[in-house]
Each structure stands twice: as structure tokens, then as C-alpha cells.
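# Structural overview
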Amino acid sequence: INRKGQVVPLLAAIADAVSAVMRSQAIDRLQLDGEQVGDVLHVFDVMAIRQDLRDLPFEVRYEGLAAIIKDTDALKRVPVARSAQEKRALLSAVRAEKGEGIVLKRGDAAYVPGRPNSGGDQRKFKLVESATIRVCPGREGKRSIGMEVIDTDTGLWQFVGNCTIPPNHAVPEVGTIVEVQYL
């Protein structure tokens with residue numbers, strides 16, 4: 001199920017890897033929570049192994065996940081850091097790999113789908129930057145803008161790429177100066 005709640009098919013390689021795990025462990029029910037990036041499913045939680053586990057603490061669910069999921073070409077278990085030192089090291093590694101960020105979860109938290117707007121048992125720490133840009137024409141027929149910045153050597157505006165505008169925001173007019181966030 002994607003973040004919009006729609007049922008979507010898994011890539012065959014991922015489906016085959018999950019099926020292989022289920023066969024090798026004699027598991028008749030397995031529900032994983034993860035994110036597909038390219039042809040790899042990065043697994044960060046489990047909702048069911050033979051039975052529903054959502055009410056159990058995250059630490060217990062993750063132990064079960066670690067016992068059955070070993071990294072393969074199609075499945076990667078997202079690492080967990082427990083101590084402050086491990087968390088700093090993980091954040092440094094994610095930064096070095098130019099990753100999106102990390103999620104901090106309470107070890108005693110039950111499974112809750114999605115993420116809350118505020119509060120809750122987990123926090124997403126995104127590694128984002130921002131830039132002030134001038135809007136130039138974007139891709140024809142898309143909800144996007146072109147972005148340009150001043151080249152400090154020449155004093156001329158330089159095109160630097162496009163930016164998709166979410167449906168809940170108005171598309172700014174060409175020539176407008178706006179702030180954009182990027183990973």
C-alpha cells in the first residue's frame with residue numbers, strides 16, 4: 001500500500017524475496033512496513049509475523065523482523081540505533097551517503113501507520129536545505145516551476161533545475177522570488 005492508501009503491486013524481485021523468506025521460515029502471514037527505492041524494499045518495521053504484532057512495542061517487533069529478514073539484493077533491513085553514540089554515528093553515515101534523514105521511534109511504541117502532524121511516538125528528522133530562487137518557466141503541462149539563481153561571477157541568472165509544486169500550494173508566477181527546500 002502506498003502513502004496515499006492505494007494498493008500497488010510490488011516488483012517481482014521484491015515479491016519473490018518476501019515469498020522466499022516466508023517459505024524458508026514457514027510463515028503463512030507476513031506484513032512489512034518499508035519504502036521501495038528503485039528495486040529494493042527498505043524494511044523498517046513489521047506489522048505481522050504469523051499473527052498481528054502492531055500492539056507490541058517497536059523493540060519487540062524489530063527483534064522479530066531481524067530474526068527473519070536478512071539483507072538480500074531486493075530486501076534491506078533499515079538499521080536501528082539505540083544509544084546516543086549509535087544515533088550520532090547513524091546520522092553521520094546517512095549524511096555521508098546523502099540520505100534523506102532518519103526516523104526516531106520510541107522503543108515501547110505500538111505500530112501506528114503513517115506519521116502524525118505533531119506529537120506521537122516517532123519523529124522524522126529530514127536532512128533538508130533551502131534556497132531562495134527566482135521562478136522561470138517550468139516544464140510544459142506539469143505542476144512545476146523552473147528555478148534560477150544569480151551566478152556571482154557573471155551577475156547573470158543561471159537555470160538550476162525544476163521544482164514540482166504540491167497540489168496544496170499555488171504555482172508562483174514567473175519572476176517571483178521564492179524559498180524552496182530540497183534534500
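Residues numbered from 1 in each chain as written. Predicted model: local features only at pLDDT ≥ 70, side-chain atom pairs only at ≥ 80, totals over all residues. Heavy atoms only, no water.

Take the overall build of the protein chain next. Across its full length, the protein chain holds three helices and 10 strands. Reading the secondary structure of the protein chain in the N-to-C direction produces α-β-β-β-α-β-α-β-β-β-β-β-β. For the protein chain, whose C-alpha radius of gyration is 21 Å, the value lies well above the compact-globule estimate of 16 Å for 183 residues. If you line up the protein chain on its principal axes, its C-alpha atoms span 65 × 40 × 30 Å. Among the 183 residues that make up the protein chain, the fraction classed as buried is 25%. Restricting to contacts in the protein chain with at least 6 residues of sequence separation, those with at least 24 account for 44%. Surface accessibility of the protein chain: about 12,600 Å² in total, with carbon and sulfur atoms responsible for 52%. (Helix = DSSP H or I, 4+ residues; strand = E, 2+ residues; numbered from the N terminus. Rg over C-alpha atoms; globule rule 2.2 N^0.38 Å. Buried < 20%, exposed > 50% of the residue type's maximum accessible area, 1.4 Å probe, protein only. Contact = heavy atoms within 4.5 Å. Areas by Shrake-Rupley, 256 points an atom, 1.4 Å probe, with all protein chains shown as cover.)

Across its 13 residues, helix α3 (residues 84-96) extends 18 Å between first and last C-alpha, which sits within 8% of the 18 Å expected from 1.5 Å per residue. Taken from the residues just after α3, Lys98 is the one with a positive phi, measuring 55°. (Expected span 1.5 Å × (residues − 1).)

Counting 19 residues, the largest nonpolar core has Leu30, Leu32 and Leu75 as the members making the most contacts within it. Only α1 (12-24), β1 (30-37), β2 (40-49) and α2 (58-68) provide two or more residues apiece to this core. Non-local contacts of Leu30, meaning those with residues more than four positions away in its chain, are made with Val18, Val21, Met22, Val46, Ala48, Ile49 and Ile68. By size, the runner-up hydrophobic cluster in this structure holds eight residues, among which are Ile133, Val135, Ile145 and Cys163. (Core = buried A, V, L, I, M, F, W, Y, C linked by side-chain atoms within 4.5 Å.)

The subject of this paragraph is the packing of aromatic side chains. Here the structure, examined in full by the defined rule, presents one aromatic pair. Centroid distance Phe58 to Tyr62: 5.7 Å. Interplanar angle 40°. Geometry classified as tilted. Of this pair, Phe58 and Tyr62 both sit in helix α2, four residues apart, which is roughly one turn of that helix. By the burial criterion, Phe58 is buried, and Tyr62 matches it. (Phe/Tyr/Trp six-rings, centres within 6.5 Å; stacked < 30°, edge-to-face > 60°.)

As a further point, take the confidence of the model for the protein chain. Across the protein chain, the average pLDDT comes to 92, with 97% of residues at or above 70. Taken element by element, the predicted model of the protein chain shows its lowest mean pLDDT in strand β6 (residues 122-126) (87) and its highest in strand β3 (residues 51-52) (97). (pLDDT = per-residue confidence, 0-100.)

This next bit is on the sheet that holds strand β8 (residues 144-150). Strand order in the open sheet formed by four strands is β9-β8-β7-β10, and the pairing between neighbours is antiparallel. Edge positions in the open sheet fall to β9 (157-164) and β10 (177-182), since each of these has one partner strand only. Recorded for the sheet is a direction-independent mean angle of 50° between the axes of neighbouring strands. Judged from the three bridges that link them, strand β7 (residues 129-136) and β8 form a sheet pairing that is antiparallel. Considered in β8, the bridge of Arg134 is made with Glu148. (Pairing = 2+ DSSP bridges. Axes fitted to C-alpha atoms, helices over the stretch in contact; angles between N-to-C directions.)

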